[in-house]
Amino acid sequence: MKTIEKFNEHVMPTYGRFDLVMDSGEHEVATDENGKKYIDFGSGIGCNCLGFCDESWVKAVCSQVQRLQHNSNYYYTKVQADFADRLCTQTGYSKLFFANSGAEANECAIKLARKYSFDKYGKGRHNIITLVNSFHGRTMGTLSATGQDVFHNYFFPFLEGFVNVKANDCDDLTAKLDDTVCAVMIEFVQGEGGVVALEKRFVDKIFEECRKRDILVIADEVQTGVGRTGKFLASENFGVHPNITTLAKGIAGGLPMGACLADESCCDVLNRSTHGSTFGGNPICCAGGNAVLDRLQSEGFMESVCEKAEYIRGKLSEMPEVESVSGIGMMIGIKFKTLNAAEVCKKCFEKGLLVLTAKDKLRFLPPLTISYSEIDDGLNILKDIIG
Ligand SMILES: Cc1ncc(COP(=O)(O)O)c(C=O)c1O
């Protein structure tokens, strides 16, 4: 039986997939089982931040596989300790919890915020403000947190205690910041919501009001983090430091890993037996994470991400069919004047360019290591399609 039929016979049809059986990848080029090549402007939805099978990342991961593949969290490993230390030093956080995905990292943040408030103020201060059009994951908790009605179907009852505020609406925010609220959770650039960056004055207002009321700010940087916006954390673009930041996607270069980072004020809230994960902090993923940090912390790397992002944005804005280019850095949303983004995405795929969509936009999340020649080749494919 052919791969696609076999897969569809046995795997639940939760995704609309392209007819592409991926076989291998090298840097920013993927090869399917028939040998057709694709330039990758999607990096597996932002996960393969160093592209496919980066040599130093492969070496780090393979050497860890041969040494120790899994360790119960009842014991310690050096690779985990090193990764936690480096991640906290890089981001200015005090402690972290290791999860396996973005949704799990956010679950941890939600639990942490509620316990922080319960420990200090008792019951009743459990509400978390999230933004209209946000996306925080697919678990029951993170689906409930997600501020889009389209996700609030079928699975009733959803978790209580999430209140939605309109992004960039300071009046809506202050009206809803009452004494039932323990946290405000934001994406600095709403990714699944259409690559929409928050306004700085709204971000500043959140931090100002939360500081006054001892309400925690949680940044969901699952999509924006790990260099995606040209800074290690998107919060750096706004000059703020949330109490909690969650990371996943690119954090281990394409291996399943998530992290919930907490500052001094709340890093000891989740104590013994209040949270856990069998696989959380898996040594292989941590080894991949250390290799990602090696690269992102290398001289000139982040500057090169910013330069490439500017280059792509400049080229896109010269295309007559492009109405606007949104997002920050290498998180790029493209709105067309007349064309349908999903149809353009499909045509790109047929011509050998892997891209994504987000709402009515075409979305690029290229590997941070992408070369200028692959950028040019990819943009030429797009240009041929959109004119
Ligand atoms: C901002 C944000 N949060 C959370 C998630 C969920 O992450 P995961 O699919 O790893 O659970 C995503 C996934 O797209 C995301 O973009």
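Residues numbered from 1 in each chain as written. Predicted model: local features only at pLDDT ≥ 70, side-chain atom pairs only at ≥ 80, totals over all residues. Heavy atoms only, no water.

Visitor: Sorry if this is basic, but what is going on with the sheet that holds strand E1 (residues 22-26) here?
Guide: Picture the strands of a sheet paired through backbone hydrogen bonds; they go either parallel or antiparallel. Spatially, the 4 strands line up as an open sheet ordered E1-E2-E3-E15, and their pairing is mixed. The open sheet terminates on both sides in strands that have one partner only, identified here as E1 and strand E15 (353-354). By the bridge criterion, 3 bridges tie strand E2 (residues 29-32) to strand E3 (residues 37-40) in an arrangement that is antiparallel. Residue valine 29 lies in a different strand from E3, and its bridge partner there is isoleucine 39. Across the sheet, helix H13 (residues 372-386) is in contact with E2, E3 and E15; its angle to E3 comes to roughly 105 degrees. (Pairing = 2+ DSSP bridges. Helix = DSSP H or I, 4+ residues; strand = E, 2+ residues; numbered from the N terminus. Contact = heavy atoms within 4.5 Å. Axes fitted to C-alpha atoms, helices over the stretch in contact; angles between N-to-C directions.)

Visitor: Got a minute to help me understand the domain arrangement of the chain in this structure?
Guide: Interface size is commonly expressed as the accessible surface area that is lost when the partners come together. Domain boundaries assigned for the chain yield domain 1 (3-53 + 300-386) and domain 2 (68-296). Each of domain 1 and domain 2 has a C-alpha centre, and these two points are 26 Å apart. The interface is formed by 27 residues belonging to domain 1 together with 30 residues belonging to domain 2. When the two sides are added together, the surface that domain 1 and domain 2 hide from each other amounts to roughly 2200 Å², 63% of it contributed by carbon and sulfur. The largest contributions to the domain 1 side of the interface with domain 2 come from Ile328, Met331 and Lys359, which together make up 29% of the buried area. Scanning the region where domain 1 abuts domain 2 turns up 1 salt bridge. As a salt-bridge pair, arginine 363 and glutamate 192 come within 2.9 Å of each other at their nearest N and O atoms. Joining domain 1 to domain 2, the criterion identifies 12 residue pairs in polar contact (both at pLDDT 80 or more). Among the elements of the structure, helix H2 (43-46), helix H11 (301-317), strand E13 (322-328), strand E14 (331-336) and strand E17 (361-364) are those that each provide at least two residues to the side of domain 1 that touches domain 2. Examining the composition of the side of domain 1 that touches domain 2, we find that 4 residues originate from one element, H11, more than from any other. Of the residues belonging to the side of domain 1 that touches domain 2, the class tally is 16 nonpolar, 8 polar and 3 charged. (Domains from an automatic or database assignment. Buried area = accessible area lost by both parts, 1.4 Å probe. Salt bridge = Lys/Arg side-chain N within 4 Å of Asp/Glu carboxyl O. Polar contact = N/O pair within 3.5 Å; in protein donor to acceptor, adjacent residues only side chain to side chain. Nonpolar A, V, L, I, M, F, W, Y, C, P; charged D, E, K, R; others polar.)

Visitor: Can you help me understand the site of the ligand in this one?
Guide: Taken together, 13 residues form the shell around the ligand, and within it Gly102, Ala103, Asp220, Gln223 and Lys249 come nearest. Within the backbone of phenylalanine 135, a nitrogen or oxygen atom sits 3.4 Å from a nitrogen atom of the ligand. With respect to the ligand, the side chain of aspartate 220 contributes an N or O atom lying 2.7 Å from a nitrogen atom. For the ligand, whose unbound accessible area comes to 390 Å², protein coverage reaches 81%. By residue number, the principal contributor to the shell around the ligand is helix H5 (residues 102-121), which donates 3 residues. In terms of residue class, the shell around the ligand is made up of 3 nonpolar, 6 polar and 4 charged. (Near = heavy atom within 4 Å. Areas by Shrake-Rupley, 256 points an atom, 1.4 Å probe, with all protein chains shown as cover.)

Visitor: How do you make sense of the nonpolar core when you look at a structure like this?
Guide: One finds Leu87, Ile251, Leu296, Leu316, Leu362, Phe364 and Leu382 to be the most contacted residues of the largest nonpolar core, which totals 59 residues. Among the elements that line this core, the one with the most residues is helix H10 (residues 283-296), at 8 residues. Of the domains in this structure, domain 1 (3-53 + 300-386) and domain 2 (68-296) are the two that each give at least three residues to this core. When sequence neighbours within four positions are dropped, the list of residues in contact with leucine 382 reads Leu316, Met319, Val344, Cys348, Leu353, Leu362 and Phe364. Counting residues in hydrophobic clusters, the runner-up holds 29 residues, among them Val165, Cys170, Val217 and Leu356. (Core = buried A, V, L, I, M, F, W, Y, C linked by side-chain atoms within 4.5 Å. Buried < 20%, exposed > 50% of the residue type's maximum accessible area, 1.4 Å probe, protein only.)

Visitor: Would you mind showing me how to read the packing of H11 against H13 here?
Guide: Angle between the axes and distance between the axes: these two values describe a pair of packed helices. Between H11 and H13, the shortest axis-to-axis distance is 11 Å and the interhelical angle comes to 20 degrees. Here H11 lies roughly parallel to H13, going by the angle between them. The two elements H11 and H13 meet at a crossing, and its hand is right-handed. Judged by residue contacts, Glu307, Lys308, Tyr311, Ile312, Lys315 and Leu316 of H11 engage Tyr372, Ile375, Asp376, Leu379 and Leu382 from H13. For the contact of H11 with H13, the per-class residue count stands at 7 nonpolar, no polar and 4 charged. (Parallel < 35°, antiparallel > 145°, perpendicular 65-115°, else oblique. Left-handed = near helix turned anticlockwise from the far one by under 90°.)

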